[in-house]
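# Architecture at a glance
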Amino acid sequence: MTGTTAPLLPDTGPAETELALLHRLRRQDEAACEELVRTHSGRLLSVARRMLRNDEDARDAVQEGFLSAFRAIQKFNGDCRLSTWLHRIVVNAALMKRGSMSSRRPEESIEDMLPRFLEDGHHAEPTSDWGSATSLLEQRETRERVRAALDRLPESYRTVLLLRDIEELDTSETAQLLGLTPNTVKIRLHRGRQALAKLLEPSFRPAGSIPD
């Protein structure tokens, strides 16, 4: 059977589409700016809400993030996805807003939230290995309990947990955003996870079990 082979269509995958959008943004194309906001604002608002726990503050952080992105678009070198770059900017905007808010509140202690250990090094109470908060948040029935427990953590530990486990930033990037050393981030992440597990233990203890 003979026939004319149809010409190959150009690749219009996500990477090329994003690159075209980036070129339009650099030309200060108004429609491109509107497209960027329309495409990403919903997800970024969810990010800001997790960080700030307040809708008005979250909307402010997202707006500030987009304004910062538009001002810095010429400097964006494309070493990551545009969506990833926007995520970092909004996280940073939320952190700055949180910083001004938390400076007005005394920092709580995490010690009472941590598990207790016996002299031989074993746990004083039964404990479970929850892994990270991400896996628990993916389970709809546990989501509200996890969020409530996260809200009880001291701000400095909660922030590290959010950035590492929920927003999935790596240790070095989290350290840079928070002005901490990578080792401090690792310690706060470990202690924050321990405290979160202890706070969640009563909610996830098997039915009929008797606490020590």
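Here, every reference points to the structure presented above.
Residues numbered from 1 in each chain as written. Predicted model: local features only at pLDDT ≥ 70, side-chain atom pairs only at ≥ 80, totals over all residues. Heavy atoms only, no water.

With respect to the helices, strands and loops of the structure, Arg-191 is situated in helix H9 (residues 182-204). When the C-alpha positions of Arg-191 and Leu-161 are compared, they lie 9.6 Å apart, and in sequence the two are 30 residues distant. (Helix = DSSP H or I, 4+ residues; strand = E, 2+ residues; numbered from the N terminus.)

A word on the environment of Asp-60. When you line up the elements, Asp-60 lands in helix H3 (residues 55-72). Look at Asp-60 and you get partly exposed, because its relative accessible area is 28%. Along the chain, Asp-60 and Leu-45 lie 15 residues apart, while their C-alpha atoms are 9.5 Å from each other. (Buried < 20%, exposed > 50% of the residue type's maximum accessible area, 1.4 Å probe, protein only.)

Another aspect to go through is the pattern of salt bridges. Enumeration over the complete set of coordinates arrives at 12 salt bridges. When the shortest N-O distance is used, the salt bridge between Arg-98 and Glu-155 registers 2.2 Å. Residue Arg-98 is located in helix H4 (residues 82-102), and its partner Glu-155 is located in helix H7 (residues 155-166); the two are separated by 57 residues in the primary sequence. The same class applies to Arg-98 as to Glu-155, namely buried. What emerges from the salt-bridge pattern is a single network uniting Arg-53, Arg-98, Asp-151, Glu-155 and Arg-158. (Salt bridge = Lys/Arg side-chain N within 4 Å of Asp/Glu carboxyl O.)

So, on to unusual backbone geometry. One non-glycine residue with positive phi stands out, namely Gln-28, at about 60°. Looking at the element boundaries, Gln-28 is found in the loop between helix H1 (14-26) and helix H2 (30-52). Looking at Gln-28, the relative accessible area reads 68%, which means it is exposed. With a phi close to 60°, Arg-53 is a non-glycine residue in the positive phi region. Its location among the elements puts Arg-53 in the loop between H2 and H3.

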